[in-house]
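Below are the chains, spelled out letter by letter.
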2 protein chains.
Amino acid sequence: MNQIQNIPYAELQLGQKAEITRQIDERDLQLFAAVSGDRNPVHLDADYAASTQFKGRIAHGMFSGALISAVAAMHLPGPGTIYLGQNLRFMRPVKLGDTLRVELEVIEKLPKNRVRLATRIFNQDDKLVVDGEAEVMAPEHKLSLDLPALPPIQIG
Amino acid sequence: MNQIQNIPYAELQLGQKAEITRQIDERDLQLFAAVSGDRNPVHLDADYAASTQFKGRIAHGMFSGALISAVAAMHLPGPGTIYLGQNLRFMRPVKLGDTLRVELEVIEKLPKNRVRLATRIFNQDDKLVVDGEAEVMAPEHKLSLDLPALPPIQIG
């Protein structure tokens, strides 16, 4: 994807949805540990994680938050969106290797371009792993942006 | 830091605090863009960002959420904590180069080892940039853990 477009406030409809699907891999857990500073072994050490109630490595809870925020920023409403708030409930663990479907839905249009979005993540078994709501200020105007290329990131 | 200890539920006190201080740099924005998938140019492209209301590059909102979650997971209550929920209000933008103080405070002890924490982030001007609350299940038992080393990460 090299360009993204937004959906301005006036065009947003109740019930409008956007979603992405993403499999959680080793690289995700290592990068999230590095950028957040959370190096708990339940995320990074297979032997330790196997000894916990989770029976294996799990993703950081807030990594799910990061995926939700990316769908809002990239797709619904997309570029120009200002993030005002987010509530998250972590319902079930996300395991290394899980495939997540991150789904946002417009549930209320508020004054001053503000919008309430339902923000939900399901795993490959269609179980709700994260539930919540976002409040954003949607962009006023149509906007189409070139996405900056990220420099290559090498791990190890 | 090579080892971390937790604070079990029974030892947590109302008003107890933990904090970290961290300056937000280029690497943070690039790693967060990579791991979240949010490559909006307001985070990555200095020229574009200068043309926005923010007058320069800003950090992803949920990067602040990631820092909060790391303080809970590493320090208060620390290892063994289970993240149940998080509410965030993004009050002011976080700019590239800002120095953030991420502060958690125990505000309520609930049944079944659950704890409510105030979660606040201040910038170098002591302005509140993120306000919110976390709910966690605190660990039952004292635990001291070796932190896994992260593999080196090279950007560019």
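Computed from a predicted structure; not experimentally measured.

**Here's the deal with unusual backbone geometry**
Point 1. Here the residue pair A:Leu76 and A:Pro77 is connected by a cis peptide bond, since its omega of 5° sits within 30 degrees of zero.
Point 2. One non-glycine residue, A:Asn113, lies in positive phi territory at about 65°.
Point 3. One can find A:Asn113 in the loop between strand S4 (99-109) and strand S5 (114-122).
Point 4. Judged by its relative accessible area of 15%, A:Asn113 is buried.
Point 5. Its identity as a non-glycine residue notwithstanding, B:Lys112 has a phi of 60°, on the positive side.
Point 6. Along the polypeptide, B:Lys112 turns up in the loop between strand S4 (99-109) and strand S5 (114-122).

**Quick notes on the interface of chain B and chain A**
Point 1. Of the residues lining the interface, 56 residues belong to chain B; the matching set on chain A comes to 56 residues.
Point 2. Of the roughly 4600 Å² buried where chain B meets chain A, counting both sides, 64% is carbon and sulfur surface.
Point 3. The largest share of the area that chain B buries against chain A comes from B:Val35, B:Arg39 and B:Met62, three residues that together contribute 15% of it.
Point 4. The interface formed by chain B and chain A includes two salt bridges.
Point 5. The salt bridge involving B:Glu135 is made with A:Arg89; its shortest N-O contact spans 3.2 Å.

About the thresholds
- Residues numbered from 1 in each chain as written.
- Chains lettered and ligands numbered in written order.
- Predicted model: local features only at pLDDT ≥ 70, side-chain atom pairs only at ≥ 80, totals over all residues.
- Heavy atoms only, no water.
- Helix = DSSP H or I, 4+ residues; strand = E, 2+ residues; numbered from the N terminus.
- Buried < 20%, exposed > 50% of the residue type's maximum accessible area, 1.4 Å probe, protein only.
- Contact = heavy atoms within 4.5 Å.
- Buried area = accessible area lost by both parts, 1.4 Å probe.
- Salt bridge = Lys/Arg side-chain N within 4 Å of Asp/Glu carboxyl O.

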